[in-house]
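Take a look at the letters that make up each chain.
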Amino acid sequence: MARLIGNKKFEAAIFISGTGSNLKNLIKFSRLKNSPLKINLVISNNKKAQGLVHSKKNKIKTKVFSFYNHKNSENKILNILKKEEINLICLAGFMKILSKNFIKNFRGPILNIHPSLLPKYKGLNTHEKAILNKEKFSGCTVHFVNSKLDSGKIILQRKIKIYKNDNAKSLQKRILKHEHILYPKAIKKLASNL
Ligand code: GAR
């Protein structure tokens, strides 16, 4: 488990694959007075991830690993995390599945944000699935990462209404705004429980 002794901040690495709006939002959160979050590292499996502009702009150390050889990339990442004394990982739109070995060997919590009301709609295309199933509500979840996909213990959720005229895109856009509220809250909750 992470320890928030001394300066009482998580020393975090954020993992991304794409747009990075959650990363941008977490950077903003980390800059607030008394934020429990300090972002020391951004990791991406995609060198073209748009989100990398945010880490570079904010002068946060950034590393890209192809994951062409999954095990090899994970081992390299574990070494960097150790070297940088990272004690929290936040997955933020990271589209690779971390192995059991990686999870076991990282000494701290690994969090993920997922755009559904877990345990419903794990995996991809959550908004399409929720609309297709005529759900009245959807939302987002921050949870601990374990070795099963989108199945770790839930930290916080936000529930939102699905409107009759919603499509996957409109729902995704609306839920993303709630993700930006939820992720910082979940990190605060985690910090206050330590
Ligand atoms: C977010 O909606 C996040 O919940 C989702 O990817 C999006 C990334 O957006 N994550 C997953 O689907 C993980 N299974 P962002 O790059 O703008 O933060």
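See above for the structure.
Fair warning: this is a prediction, and the values are worked out from it, not measured in the lab. (Residues numbered from 1 in each chain as written. Predicted model: local features only at pLDDT ≥ 70, side-chain atom pairs only at ≥ 80, totals over all residues. Heavy atoms only, no water.)

What follows is about the layout of surface pockets. The volume enclosed by the largest pocket comes to roughly 860 Å³. Around the largest pocket, the lining comprises 37 residues; the ones closest to its centre are Gly93, Phe94, Met95, Ile113 and Pro115. Residues of the lining of the largest pocket, tallied by class, amount to 13 nonpolar, 19 polar and 5 charged. (1 Å grid on protein atoms, 1.4 Å probe; cavity = no way out; pocket = protein on both sides within 12 Å on 5 of 7 lines; lining within 4 Å. Points joined across faces, edges and corners; volume = space filled by probe spheres on them. Nonpolar A, V, L, I, M, F, W, Y, C, P; charged D, E, K, R; others polar.)

Quick look at helix 6 (residues 168-192) now. With 25 residues, helix 6 extends 35 Å between its outermost C-alpha atoms, agreeing within 8% with the 36 Å of an ideal straight helix rising 1.5 Å per residue. Within helix 6, the axis deviates most sharply at Glu179, by approximately 25°. All buried positions along helix 6 are accounted for by Leu171, Ile175, Glu179, Leu182, Tyr183, Pro184, Ala186, Ile187, Leu190 and Ala191. For helix 6, the capping residue at the N-terminal end is Asn167, with a side-chain oxygen 3.1 Å from the backbone nitrogen of Lys169. (Helix = DSSP H or I, 4+ residues; strand = E, 2+ residues; numbered from the N terminus. Expected span 1.5 Å × (residues − 1). Bend = angle between axes of the 7 residues up to and from the residue. Buried < 20%, exposed > 50% of the residue type's maximum accessible area, 1.4 Å probe, protein only. Polar contact = N/O pair within 3.5 Å; in protein donor to acceptor, adjacent residues only side chain to side chain.)

A few words now on the site of the ligand. The full set of residues close to the ligand is Thr19, Gly20, Ser21, Asn22, Gly93, Met95, Ile113, His114, Pro115, Leu176 and Glu179. The contact in question runs from an oxygen atom of the ligand to an N or O atom on the backbone of Asn22, over 2.9 Å. Judged by the proximity of its atoms to the pocket grid, the ligand belongs to the largest pocket. When contributions to the shell around the ligand are tallied by element, the ones reaching two or more residues are helix 1 (21-30), strand 5 (110-114) and helix 6. (Near = heavy atom within 4 Å. Sits in = over half its atoms within 2 Å of the grid points.)

The next point concerns the packing of helix 1 against helix 6. Their axes nearest at 10 Å, the elements helix 1 and helix 6 cross at an angle of 45°. When the interaxial angle is binned, helix 1 and helix 6 end up oblique. Of the two possible hands of crossing, helix 1 and helix 6 adopt the one that is right-handed. Residue-level contacts link Ser21, Asn22, Asn25, Leu26 and Phe29 of helix 1 to Leu176, Glu179, His180, Tyr183, Pro184, Ile187 and Lys188 of helix 6. For the contact of helix 1 with helix 6, the per-class residue count stands at 6 nonpolar, 4 polar and 2 charged. (Axes fitted to C-alpha atoms, helices over the stretch in contact; angles between N-to-C directions. Parallel < 35°, antiparallel > 145°, perpendicular 65-115°, else oblique. Left-handed = near helix turned anticlockwise from the far one by under 90°. Contact = heavy atoms within 4.5 Å.)

Attention shifts here to the nonpolar core. Ile14, Leu26, Leu37, Leu111, Tyr183 and Ile187 are the most contacted members of the largest nonpolar core, which totals 35 residues. Elements supplying a minimum of two residues to this core: strand 1 (10-16), helix 1, strand 2 (37-44), strand 4 (88-91), strand 5, strand 6 (137-144), strand 7 (154-161) and helix 6. In terms of residues, this core owes the most to one element, helix 6, which gives 8 residues. Counting 20 residues, the second largest nonpolar core, distinct from the first, contains Phe65, Leu98, Phe102 and Phe106. (Core = buried A, V, L, I, M, F, W, Y, C linked by side-chain atoms within 4.5 Å.)

Moving on: unusual backbone geometry. In the segment running from Leu118 into Pro119, the intervening peptide bond is cis, with an omega of 15°. When you line up the elements, Pro119 lands in the loop between strand 5 and helix 5 (126-132). For Asn125, which is not glycine, the phi torsion reads 55° and is therefore positive. Within the secondary structure layout, Asn125 lies in the loop between strand 5 and helix 5. With phi around 50°, Asp150 is a residue other than glycine that occupies positive phi space. Note on placement: Asp150 falls in the loop between strand 6 and strand 7. You can call Asp150 buried: its relative accessible area is 10%.

Let us look at the sheet that holds strand 6. The strand order across the open sheet formed by 7 strands is 3-2-1-4-5-6-7, and the pairing between neighbours is mixed. Every interior strand has two partners, whereas the edge strands, strand 3 (61-64) and strand 7, have only one. Each neighbouring strand pair of the sheet contributes to a mean axis angle of 20°, computed without reference to strand direction. Bridging between strand 1 and strand 2 involves 7 bridges; their strand directions are parallel. Note that in strand 2 the partner of Phe10 across the bridge is Leu37. Helix 1 rests against strand 1, strand 2, strand 4 and strand 5 of the sheet, and its axis sits at about 155° to strand 2. (Pairing = 2+ DSSP bridges.)

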